[in-house]
Amino acid sequence: MAAAPHTLSSRLLTGWVGGCAWYLERRALQESPHQRLRLFRNGSKQWMTSQHLTFLRRTYVTQLARSLSQQAKPKSEPVASPFPEKPSPTEANTETYQTKPLPPSSLSLPRKPNEEAWAELGSGPVVRGPVDVGEERKEEKQWKEMKLCVDDLPGILARLSKIKLTALVVGTASAGFALAPGPFDWPCFLLTVVGTSLASCAANAINQFFEVPFDSNMNRTKNRPLVRGQISPLLAVSFATCCAVPGLALLTWGVNPLTGALGLFNICLYTCCYTPLKRLSILNTWVGALVGAVPPVMGWTAATGGLDAGAFLLGGILYSWQFPHFNALSWGLREDYSRGGYCMMSVTHPALCRRVALRHCLALVGLSAAAPVLGVTTWAFPAVSLPINLYISYLGFRFYADADRKSSRKLFFCSLWHLPLLLLLMLTCKRPPATEGAGGAPHG
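Residues numbered from 1 in each chain as written. Predicted model: local features only at pLDDT ≥ 70, side-chain atom pairs only at ≥ 80, totals over all residues. Heavy atoms only, no water.

A. How the structure looks around the overall build of the protein chain. The helix and strand inventory of the protein chain stands at 21 helices and 2 strands. Burial status across the protein chain gives 37% buried among its 444 residues. Element-wise, carbon and sulfur atoms account for 64% of the exposed surface of the protein chain, whose accessible area totals about 25700 Å². (Helix = DSSP H or I, 4+ residues; strand = E, 2+ residues; numbered from the N terminus. Buried < 20%, exposed > 50% of the residue type's maximum accessible area, 1.4 Å probe, protein only. Areas by Shrake-Rupley, 256 points an atom, 1.4 Å probe, with all protein chains shown as cover.)

If you want it as C-alpha cells, here you go:
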C-alpha cells in the first residue's frame, strides 16, 4: 500500500522546514478545481497578458484610423475659379490612413510567445493610404507658372482688343468714308481703316487693363485674357502702346490732323471717362454712346477733311442706335453688372432704361428722314428704311411695355442686323456726285 504524500514528506524532511512543506502540500490538495484553474492561469499570466494587449491595441488602432479617415474626408469641390489656389497648411498636412482587416487566424492564441510574431503584429495594422490622389489635389491647387505659347498669342491679343467690337468700329468708319461726298480715295481709305482699327485695339486693351478686378466678378467677362492670367499686365500695356502710337500717327500724318485728333479724343474719352464712370453714374451710357458715334465722323473727316452736317448726321444715327442695342443687352445682364459693381440704368433705373431705348428707336426714324434734307442720300432712303425703323421701334415698345428678358433679347438681336442694313441702304441711296449741290449741304 502506497504511503500518503504527507507521510512521505515527513519522512524526507524533518524539523521546521519539513513541517512547512507538509502544510503547503496539504493545502494544495484541499483546493477546489476552480482554484487550481485560477492558479494555472496565474502561472501563465505573462503570456496571456501580452496576447490580450495585442488584441486591444489592434482594436484601438482600427477605431482611431476610422476616426482619422472621417476627419480627413475631403470637402466638396468649390466652384471653379480662374485663379489657382495654394493648398492650405491643414490640407497639406492631412493624410489618410487605412487599416488591414484582421484575419480570423490572428485571433487564435499561440501557446508560446514569439518575438517575430509580436513584431509583425505591432507594425502591421497601420499602413499609409492612397497618396497619389492627395498629391494630385495638391498639384492642382498650387500656383502654376504662367507660360505664354507663341501659337496662342494671336488669339489672346484678338480677345484683348475685343476684335468684334473693333470690327464694328472699323465698319462704321468705313461707312462714313464711303458716304462722304467726293471721289473714293483707296490709299486714304486703307490708311483710315488701319489707323482706326489700331486706335480701337489700344482703347479696348487699356479698358480691360483697368477693369480686371471688376471683370473677374462677372460671368460675361471672367474669361478675358488678363483675368485668367493668360497675358501679363505689362504685355497688355505694351500692346496698347504699340497700337496707339502707330495708329494715331497714320491718322494724323497719313490722313489728316483732324482725323488724328478725333482718334486721340476717342481713346481718351473711352479710357479716361467712360471706363471709370461705369462705376460712378448711369451717365456712362451716354458717354459710351458718344464714343461709338465718333468713328463714322472720323471716316467722314478722312474723306472730306472737315466737319459738316453729313458727319453729324452719321454720328447721330450711331448715337441713337446704341441705346436700344446696349440697354437691351444690359437688361439681361443686370445681375452680372450688379455683381461687378457697375452702375447701369438697367440696375438702378430700370424704367428709365426702357424709356430711353424706346425714345432712341423713334429717333432713328427722324434721323433717317433728315438724310435727304442734308444732302447725304436721296429721298428714296426714308421710304426704304421706314420698315426696319418701324420694326425696331415696335420691339422697343414691346421692351418698354413687357420689361422681360424675352422682349429685351428680341430687341438686342434686331439691333445687330438693323445697323448694317441701315448703313447699306444709305450707301445704296447715296446722292450722286452730279446732284450733290442740289441738296444745299455744304461740303469740305
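B. Molecular detail of a nonpolar patch on the surface. Together, Tyr-391, Tyr-394, Trp-417, Leu-421, Leu-424 and Leu-427 give the surface a local cluster of nonpolar side chains, amounting to about 580 Å² of exposed area. Listed by contribution, the elements that provide at least two residues to the nonpolar patch are helix H20 (380–402) and helix H21 (405–428). Of note, Tyr-391 is situated in helix H20. Assessed through its relative accessible area of 40%, Tyr-391 is described here as partly exposed. (Patch = residues over 30% accessible without salt bridge, like charges linked within 9 Å, V, L, I, M, F, W, Y side chains within 5 Å. Salt bridge = Lys/Arg side-chain N within 4 Å of Asp/Glu carboxyl O.)

C. Fine view of the packing of helix H16 (residues 309–331) against H21. Here H16 crosses H21 at 160°, and the two axes come no closer than 7 Å. In terms of axis orientation, H16 runs roughly antiparallel to H21. The handedness of the crossing between H16 and H21 comes out as left-handed. Where H16 approaches H21, its residues Leu-314, Ile-317, Leu-318, Trp-321, Pro-324, His-325, Ala-328, Leu-329 and Trp-331 are matched on the opposing element by Arg-405, Ser-408, Leu-411, Phe-412, Ser-415, Leu-416, His-418, Leu-419, Leu-422 and Met-426. Grouping the constituent residues of the contact of H16 with H21 by class yields 14 nonpolar, 4 polar and 1 charged. (Axes fitted to C-alpha atoms, helices over the stretch in contact; angles between N-to-C directions. Parallel < 35°, antiparallel > 145°, perpendicular 65-115°, else oblique. Left-handed = near helix turned anticlockwise from the far one by under 90°. Contact = heavy atoms within 4.5 Å. Nonpolar A, V, L, I, M, F, W, Y, C, P; charged D, E, K, R; others polar.)

D. Region of the structure containing the pattern of salt bridges. This structure, assessed with the given rule, holds 5 salt bridges. Asp-215 is paired through a salt bridge with Arg-224; the nearest N and O atoms lie 3.0 Å apart. Each member of the pair, Asp-215 together with Arg-224, is buried. Where Asp-402 meets Arg-398, a salt bridge forms, and the shortest distance between an N and an O atom there is 2.9 Å. Residue Asp-402 and its partner Arg-398 are located together in helix H20, separated by 4 residues, close to a single helical turn. For Asp-402, a relative accessible area of 35% translates into the label partly exposed.

E. Structural context of the packing of aromatic side chains. One pass over the full model with this rule turns up 15 aromatic pairs. With 5.2 Å between their ring centres and 85° between their planes, Phe-177 and Phe-184 make a pair best called edge-to-face. A residue is classified by how much of its surface remains accessible, and Phe-177, at 4% relative accessible area, is buried. (Phe/Tyr/Trp six-rings, centres within 6.5 Å; stacked < 30°, edge-to-face > 60°.)

F. Up close: unusual backbone geometry. Positive phi outside glycine occurs at Lys-162, with the angle close to 50°. Along the chain, Lys-162 turns up in the loop between helix H8 (153–160) and helix H9 (163–179). Even without glycine at this site, Ala-403 takes up a positive phi of about 55°. Locating Ala-403 in the fold gives a position in the loop between H20 and H21. Look at Ala-403 and you get partly exposed, because its relative accessible area is 25%.

G. Representation of the nonpolar core within the structure. Core analysis: the biggest nonpolar cluster contains 49 residues, and Trp-300, Ile-317, Phe-381, Ile-392, Leu-411 and Met-426 have the highest contact counts within it. Looking at this core, the elements that each hand over two or more residues are H9, helix H10 (186–210), helix H13 (233–255), helix H15 (284–304), H16, helix H19 (350–370), H20 and H21. Here this core gets 9 residues from one element, more than from any other, and that element is H16. Residues within four places of Ile-392 in sequence aside, it is in contact with Cys-361, Leu-364, Leu-411, Cys-414, Ser-415 and His-418. Membership of the second largest hydrophobic core comes to 13 residues, among which are Ile-156, Leu-226, Phe-239 and Ala-244. (Core = buried A, V, L, I, M, F, W, Y, C linked by side-chain atoms within 4.5 Å.)

H. Here's a closer look at helix H14 (residues 257–277). Helix length check: H14 (21 residues) gives 29 Å between terminal C-alpha atoms against 30 Å at 1.5 Å per residue, within 8%. In the structure, H14 departs most strongly from a straight axis at Leu-269, where the bend amounts to approximately 30°. Listing the buried residues of H14 in full gives Thr-259, Gly-260, Leu-262, Gly-263, Asn-266, Ile-267, Leu-269, Tyr-270, Thr-271, Tyr-274 and Thr-275. Those residues of H14 hidden inside the fold are in contact with H9, H10, H13 and H15. (Expected span 1.5 Å × (residues − 1). Bend = angle between axes of the 7 residues up to and from the residue.)

I. Expanded view of the packing of H13 against H14. Look at H13 against H14: their axes get within 6 Å of each other, and the N-to-C directions meet at 160°. Taken together, the axis directions place H13 and H14 in an arrangement best described as roughly antiparallel. Where H13 crosses over H14, the two elements pack in a sense that is left-handed. When H13 is examined against H14, the residues Leu-248, Leu-251, Thr-252 and Val-255 are found in contact with a partner set consisting of Pro-257, Thr-259, Gly-260, Gly-263, Leu-264 and Ile-267.

J. Representation of the side chain of Ser-174. In this structure, Ser-174 sits in helix H9. When sequence neighbours within four positions are dropped, the list of residues in contact with Ser-174 reads Phe-189 and Val-193.

K. Broad picture of the confidence of the model for the protein chain. Looking at the protein chain, the pLDDT average stands at 78 and 64% of residues meet or exceed 70. Every residue in residues 78–130 is under pLDDT 50, and counting partners more than four places away or in other chains gives 65 contacts. Contacts for the low-pLDDT stretch residues 140–145, under 50 throughout, to residues beyond four places or in other chains number 13 contacts. (pLDDT = per-residue confidence, 0-100.)

L. Local environment of the state of the cysteines. Summed over all chains, the structure comprises 0 disulfides. Not engaged in a disulfide, the cysteine Cys-201 finds its nearest cysteine sulfur in Cys-243; these two sulfurs lie 5.2 Å apart. (Disulfide = S-S within 2.5 Å.)

M. Seen up close, the environment of Pro-350. As for its placement among the helices and strands, Pro-350 is situated in helix H19. Measuring from C-alpha to C-alpha, the distance between Pro-350 and Ala-403 comes to 8.6 Å, with 53 residues separating the pair along the chain.

N. Representation of the environment of Cys-272. Among the secondary structure elements, Cys-272 is positioned in helix H14. You can call Cys-272 exposed: its relative accessible area is 55%. Each C-alpha atom, one on Cys-272 and one on Ala-203, is 9.9 Å from the other, the two residues being 69 residues apart in sequence.

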